[in-house]
Amino acid sequence: MKILFASSEAVPYAASGGLADVVGTLPKAIGSKGHDCAVVIPLYKSIKQELRDEMNLITTITVDVSWRKQYCGIYKAEYSGVTYFFIDNEYYFKRDGLYGFYDDCERFVFFDRAVLEMLKYIDFKPDIISCNDWQTALIPVYYNIYYKYQQGYCGIKTVFTIHNIEYQGKYGKEILDEVMGIPMYNAGLLEYDGSINMMKGAIETADIVTTVSPGYAWEILDPWYAHGLDRILVTKQYKLKGILNGIDTDFYNPENDPEIAGNFSSSDISGKAECKAALIKELALDDTDEPIIGIVTRFVKHKGIDLIRYAFEDIIAMGMKFVILGSGEKIYEDFFCEMAARYPGKVSVDLGFIPELARRIYAGSDMFLMPSQSEPCGLAQMISMRYGTAPIVRETGGLRDTVRDNGGINGNGYTFKTYNADDMLDAVKRAKRDYENKDVWSSLVKRALECNNSWSASADIYIETFNELLSAKD
Ligand code: GLC
C-alpha cells in the first residue's frame, strides 16, 4: 500500500507543534511494516540549508488558485527511509514563520491544489492520502470536486485527521469563488454557521475522519470540546475514529540518550538521580531532595496554564520546585518570569523551545504537570513517562487514554477529573505523598518506564483502517 501524508509541518524540516512530530514519525513506523510512505509539506524559508542540500528538483508546474496561475516547484528528498516532497513557491512560503499571515487561506488553497496536481509528475501513486488539520482540509474537497474521475486519480481514498479542532480555517463566503475556485453549487460542502469552514469541508468529503486519541474522538461530539463542529461530527460519526498517537522511542530513549547526564531503564533507575542532580546544577536550583515538577509546553489557555497559575504558590509552599520551558501568550510568560524572580532556587523558567533542555527536563524531573483543558492526544506526557517522570494530568482526550492514576492498580501517574485548580492541587499532593515513600515511588517510576507508547500498535491500527477503506465498495 502507498500512503501520502500531506501536512503543513513535519520534523525535521518544519515544526511548530505536535503535528510535526506525528507526521515526521508515523510514516516511518508504517514504512517499517512493509508499506510505502511519502510526506509532502511546503518548502518554507526556515528549512535549514543542510536539509535543502539533500533535495532534488523534480519539475516546475503551474497551479490554479481560482483565476490565478501560480508557479509551483516540486522537490524531493529522502529522510530516515521516507520520501519527502516539497512544494515551492516563494511568494507564499518564503516568509518568517509558518502561519499567521493575512492570506493563510490562499497559501493553503495553493498548497492543497499543488499536492493533487503534483501526483501527475511524481513516481509515487498513492492509494491513500492522509490529510492533517485545516491546512490540508481542502485536499479531500478538491479531490471530490475535480480529480476523482480524472485518469490516474480514480480509487484514491482520503483520510482527514484532526490534531486540534480549535483551528478550522474559517473565512467569509467571498473566499469560495475568489480564492478557492469552488463553484457555488458546491458551496454546501464548505458552508457552516454562515462561514466557509475548511475543516467542515474535509469532514464532509474525506472517506474517513480520524483523530489522535480514542477519547478525543468522542469528546468532540460534545459542544464543550468541539468549537462548533459537534453537529457535523455527530452526523458523520459513522466515519469518525480515534487512533492514539505514539512517540519515536528510538529518539526518546533514556538508555542511550546522549543529552542526559545518566542513562537508565526500568531494570536500573539509578541514572535518573544523576539526571536530577545535573538539572539542579544546570538551572541553579537549591540542592535539596524536594520533588521537581517539570512543565514543557506552549503557554496557551487550553494547556491549563490558568490552573497552574492559580495553584502555583500553594505548590511552592508544599516544598516543591518547578522547572518550566515554553513560550506563548505574554500574560503567561510574564507570570512565570515573575515567579522565577520571586522564588530563586525553587523556580527555573526558560522561554522558547530548546529540544535538548526539554529532554533534560523530562529526565531530571520527578513529576510532569499537564492539566490541559482539552488535549487531542498530547505527546509530552508520553515522553515524560518514557523518562520515568510521573505525569500529573487532567482526565481529557489522550491524557485520559495514556495516564492511569496511581491510586488504582498499575498507576503510571496522577489524574484529576474536573477543570478545577483545587482538584489539580489534590493530585499534586497525592504525588508528593507517594514521593516521600521511596518504595512506592521507585515502583511508580518503573511502571512509567515500562509503558509502551511506541508507534508500533497504532501503526497497525492505521494500516488496518487504510486496508478496510481500500477494500470497501464505493
Ligand atoms: C496537536 C494537539 C496535541 C497532539 C498533537 C499531535 O498539537 O494539541 O494534543 O498530540 O496535535 O497529534
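Residues numbered from 1 in each chain as written. Predicted model: local features only at pLDDT ≥ 70, side-chain atom pairs only at ≥ 80, totals over all residues. Heavy atoms only, no water.

Engineer: So what exactly am I meant to see when it comes to the packing of aromatic side chains here?
Structural biologist: The geometry of an aromatic ring pair is captured by two quantities: the separation of the ring centres and the angle between the planes. Overall, the coordinates contain 26 aromatic pairs when judged by the stated rule. Between Tyr13 and Tyr84, the aromatic rings sit 4.9 Å apart at their centres with planes inclined by 55 degrees, giving tilted as the arrangement. You can see Tyr13 sitting in the loop between β1 (2-6) and α1 (18-31) and its partner Tyr84 sitting in strand β5 (residues 82-88), a full 71 residues away along the chain. Its relative accessible area of 5% is what places Tyr13 among the buried residues. Look at Trp224 and Tyr225: their rings are 5.0 Å apart centre to centre, the planes differ by 80 degrees, and that puts the pair in the edge-to-face class. Since its relative accessible area comes to 51%, Trp224 is described here as exposed. A connected cluster of aromatic rings, assembled from ring pairs, spans Tyr44, Tyr91, Tyr92, Phe93, Tyr99, Phe108, Phe110, Phe111 and Trp134. (Phe/Tyr/Trp six-rings, centres within 6.5 Å; stacked < 30°, edge-to-face > 60°. Helix = DSSP H or I, 4+ residues; strand = E, 2+ residues; numbered from the N terminus. Buried < 20%, exposed > 50% of the residue type's maximum accessible area, 1.4 Å probe, protein only.)

Engineer: How do you make sense of the pairing of strand β6 (residues 128-132) when you look at a structure like this?
Structural biologist: For a regular strand, the rule is simple: side chains alternate between the two faces of the sheet. Within β6, five of the five residues are buried, which leaves it mostly tucked inside the rest of the structure. Every second residue of β6 is oriented toward a common face, with Ile128, Ser130 and Asn132 on one face and Ile129 and Cys131 on the other, all of them buried. Here β1 runs beside β6; their pairing, made up of four bridges, is parallel. If you follow Phe5 over to β6, its bridge partner there is Ser130. (Pairing = 2+ DSSP bridges.)

Engineer: Any chance you could explain the pairing of strand β11 (residues 208-211) here in plain terms?
Structural biologist: Burial along β11 is two-sided: Ile208 and Thr210 and Val209 and Thr211, pointing in opposite directions, are all buried. Here four bridges tie strand β7 (residues 157-162) to β11, and the two strands are oriented parallel to one another. Paired with Ile162 across the bridge in β11 is Thr211. Sheet analysis places β11 next to strand β12 (residues 240-242), joined by three bridges and oriented parallel. If you follow Thr210 over to β12, its bridge partner there is Lys241.

Engineer: Looking at this model, I keep getting lost on the site of the ligand. Mind explaining?
Structural biologist: The immediate surroundings of the ligand are formed by Gly18, Leu19, Val22, His163, Asn164, Val212, Asn245, Glu375, Pro376, Cys377, Gly378 and Leu379. One of the side-chain N or O atoms of Glu375 is found 2.5 Å from an oxygen atom in the ligand. In this structure, an oxygen atom belonging to the ligand sits 2.8 Å away from a main-chain N or O atom of Gly378. Protein contacts shield 94% of the accessible area of the ligand, which totals 310 Å² for the unbound molecule. (Near = heavy atom within 4 Å. Polar contact = N/O pair within 3.5 Å; in protein donor to acceptor, adjacent residues only side chain to side chain. Areas by Shrake-Rupley, 256 points an atom, 1.4 Å probe, with all protein chains shown as cover.)

Engineer: Is there a simple way to explain the nonpolar core in this structure?
Structural biologist: If you look at soluble globular proteins, the nonpolar side chains tend to sit buried side by side. Membership of the largest hydrophobic core comes to 97 residues, with the highest contact counts inside it found for Ile30 and Met180. If sequence neighbours within four positions are ignored, Ile30 has contacts with Ile3, Phe5, His35, Cys37, Ala459, Tyr462, Ile463 and Phe466. Among the nonpolar cores identified, the runner-up in size contains 71 residues, and Phe264, Phe312, Ile392 and Val403 belong to it. (Core = buried A, V, L, I, M, F, W, Y, C linked by side-chain atoms within 4.5 Å. Contact = heavy atoms within 4.5 Å.)

Engineer: Quick question: what am I supposed to make of unusual backbone geometry here?
Structural biologist: Peptide bonds are trans in most cases, and residues, glycine excluded, mostly fall at negative phi. Cis geometry marks the peptide bond from Val11 to Pro12; its omega dihedral reads 5 degrees. Tracing the chain through its elements places Pro12 in the loop between β1 and α1. For Ala284, which is not a glycine, the phi torsion comes out positive at approximately 55 degrees. Relative to the assigned elements, Ala284 resides in the loop between α12 (270-282) and β13 (292-299).

Engineer: Explain the sheet that holds strand β3 (residues 56-65) here, please?
Structural biologist: The strands that make up a sheet pair up through hydrogen bonds in the backbone, lying either parallel or antiparallel. As summarised here, the arrangement of the nine strands in space is β3-β4-β5-β2-β1-β6-β7-β11-β12, forming an open sheet in which the pairing is mixed. If you trace the sheet from one side to the other, it starts and ends with β3 and β12, each paired once. Put simply, the sheet's adjacent strands are angled 25 degrees from each other on average, direction ignored. Where helix α5 (residues 138-147) meets the sheet, it contacts β1, β6 and β7, and its direction lies at approximately 140 degrees from that of β6. Here helix α8 (residues 198-205) sits on the sheet in contact with β7 and β11, set at roughly 135 degrees to β7. (Axes fitted to C-alpha atoms, helices over the stretch in contact; angles between N-to-C directions.)

Engineer: Sorry if this is basic, but what is going on with empty space enclosed by the protein here?
Structural biologist: This structure, assessed with the given rule, holds two cavities of 30 Å³ or more. If you add up the space inside the largest cavity, you get close to 70 Å³. Within the residue set of the lining of the largest cavity, elements represented by two or more residues are α1, β6, β7 and α20 (456-471). Classifying every residue of the lining of the largest cavity gives eight nonpolar, four polar and no charged. Considered as a void within the structure, the second largest cavity measures approximately 50 Å³ in volume. The set of elements that each furnish at least two residues to the lining of the second largest cavity consists of α12 and α15 (355-364). With four residues, α12 is the largest single contributor of residues to the lining of the second largest cavity. (1 Å grid on protein atoms, 1.4 Å probe; cavity = no way out; pocket = protein on both sides within 12 Å on 5 of 7 lines; lining within 4 Å. Points joined across faces, edges and corners; volume = space filled by probe spheres on them. Nonpolar A, V, L, I, M, F, W, Y, C, P; charged D, E, K, R; others polar.)

Engineer: Hey, could you run me through the sheet that holds strand β10 (residues 195-197) in this one?
Structural biologist: Taken in spatial order, the three strands of this open sheet run β8-β10-β9, and their pairing is antiparallel. Where the open sheet ends on each side, the last strands, each with one partner, are β8 (170-171) and β9 (191-192). Alignment of β8 against β10, held across two bridges, turns out to be antiparallel. When the sheet's bridge partners are listed, Lys170 is paired in β10 with Asn197. In the packing of α8 onto the sheet, contacts are made with β8, β9 and β10, and the angle to β10 comes to roughly 55 degrees.

In short, geometric facts, not functional conclusions.
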